[in-house]
Amino acid sequence: MTRLPEGRREVYPSRGKAPKRRAPDFGPGLNVSVPISFGLPLVVVGIALIAAAFASGSVILWVTGAIALAAGVLLFASGKRL
């Protein structure tokens, strides 16, 4: 490839000259374990279902909310790394 005349710059500079861009991230890793990351949302969903069951009186919401809450608490309490 021929060199450009002095004083003229490349329109598309080569990739080797450009600084390497890093992918966006959320800072340093939070090191949250898998049971905690699944357990906490299950606790929140279980509480929401129980609140909906309390307002509507539906038995299926009570059962589903209790199961979700119990599973979330058990997962959240275990805290083991998978």
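This section reports on the structure supplied with the text. The numbering scheme is per chain: residues are counted from 1 as the chain's sequence reads. pLDDT decides what is reported in this predicted model: residues at 70 or higher carry local features, side-chain atom pairs at 80 or more are listed and counted, and totals for whole chains, interfaces and linings draw on all residues regardless. Excluded from the side-chain calculations are hydrogens and water; all other atoms, namely the structure's heavy atoms, are used.

Structural notes on the overall build of the protein chain
Then comes step 1: Segments assigned H or I by DSSP are reported as helices when at least four residues long, segments assigned E as strands when at least two residues long, and all are numbered from the N terminus. Along its length, the protein chain carries 2 helices and 0 strands.
Then comes step 2: Relative to its full complement of 82 residues, the protein chain shows a buried share of 11%.
Then comes step 3: Contacts are residue-level and defined by heavy atoms, with any inter-residue pair within 4.5 Å sufficient. Sequence separation of at least 24 residues holds for 64% of the intrachain contacts in the protein chain that already meet a minimum separation of 6.
Then comes step 4: Accessible area for the protein chain stands at about 7500 Å²; split by element, carbon and sulfur atoms hold 67% of it. Residue burial is assigned from relative accessible area. The probe radius is 1.4 Å, only protein chains are included, and a residue is buried under 20% of its type maximum, exposed over 50%, and partly exposed in between. Only the protein chains shown count as cover for residues, and all accessible areas are computed by the Shrake-Rupley method using a 1.4 Å probe.

Remarks on helix 2 (residues 59-78)
In an α-helix, one turn spans 3.6 residues, which is why side chains three or four residues apart end up on the same side.
Then comes step 1: Given a helix with a known number of residues, its expected span is that number minus one, times 1.5 Å. With 20 residues, helix 2 should reach 28 Å at 1.5 Å per residue; the first-to-last C-alpha distance of 29 Å fits that figure.
Then comes step 2: Following helix 2 by one or two positions, Gly79 has its phi on the positive side, about 60°.

Digging into the environment of Leu74
Then comes step 1: Its location among the elements puts Leu74 in helix 2.
Then comes step 2: The spatial distance from the C-alpha of Leu74 to the C-alpha of Val43 is 9.5 Å, given a sequence separation of 31 residues.

Remarks on a nonpolar patch on the surface
Then comes step 1: Any residue with relative accessible area above 30% and no salt bridge may belong to a patch, with like charges joined within 9 Å and the nonpolar Val, Leu, Ile, Met, Phe, Trp and Tyr side chains within 5 Å. The working definition used for a salt bridge is a side-chain nitrogen of Lys or Arg within 4 Å of a carboxyl oxygen of Asp or Glu. Taken together, the side chains of Phe54, Val59, Trp62, Val63 and Ile67 present a nonpolar region at the surface, about 570 Å² in accessible area.
Then comes step 2: Examining the composition of the nonpolar patch, we find that 4 residues originate from one element, helix 2, more than from any other.
Then comes step 3: Position of Phe54 relative to the elements: it lies in helix 1 (residues 34-56).

A short note on helix 1
Then comes step 1: Helix length check: helix 1, at 23 residues, gives a terminal C-alpha distance of 33 Å against a target of 33 Å (1.5 Å per residue), a fit within 8%.
Then comes step 2: Residues Pro35, Gly39, Val43, Gly46 and Ala53 constitute the buried set of helix 1.
Then comes step 3: Tucked into the core, helix 1 has its buried residues touching helix 2.
Then comes step 4: Looking one or two places after helix 1, you find Gly57, whose phi comes out positive at around 80°.

Quick word on the packing of helix 1 against helix 2
Then comes step 1: Fitting a line to C-alpha atoms yields each axis, with helices limited to the stretch in contact; the angle taken between N-to-C directions then spans 0 to 180 degrees. Contact pair helix 1 / helix 2: the axes reach a minimum separation of 7 Å and the direction vectors enclose 155°. When the axes of helix 1 and helix 2 are compared, the pair comes out roughly antiparallel. Here helix 1 runs over helix 2; the crossing is left-handed.
Then comes step 2: Classes in brief: Ala, Val, Leu, Ile, Met, Phe, Trp, Tyr, Cys and Pro nonpolar; Asp, Glu, Lys and Arg charged; the others, Gly included, polar. A breakdown of the residues in the contact of helix 1 with helix 2 according to their chemical character gives 21 nonpolar, 7 polar and no charged. Note on angle classes: values under 35 degrees are labelled roughly parallel, values over 145 roughly antiparallel, values of 65 to 115 roughly perpendicular, and the remainder oblique. The crossing is said to be left-handed when, going from far helix to near helix, the turn is anticlockwise and less than a right angle, and right-handed when the turn is clockwise.

Shape is all these values report; function is a separate question.
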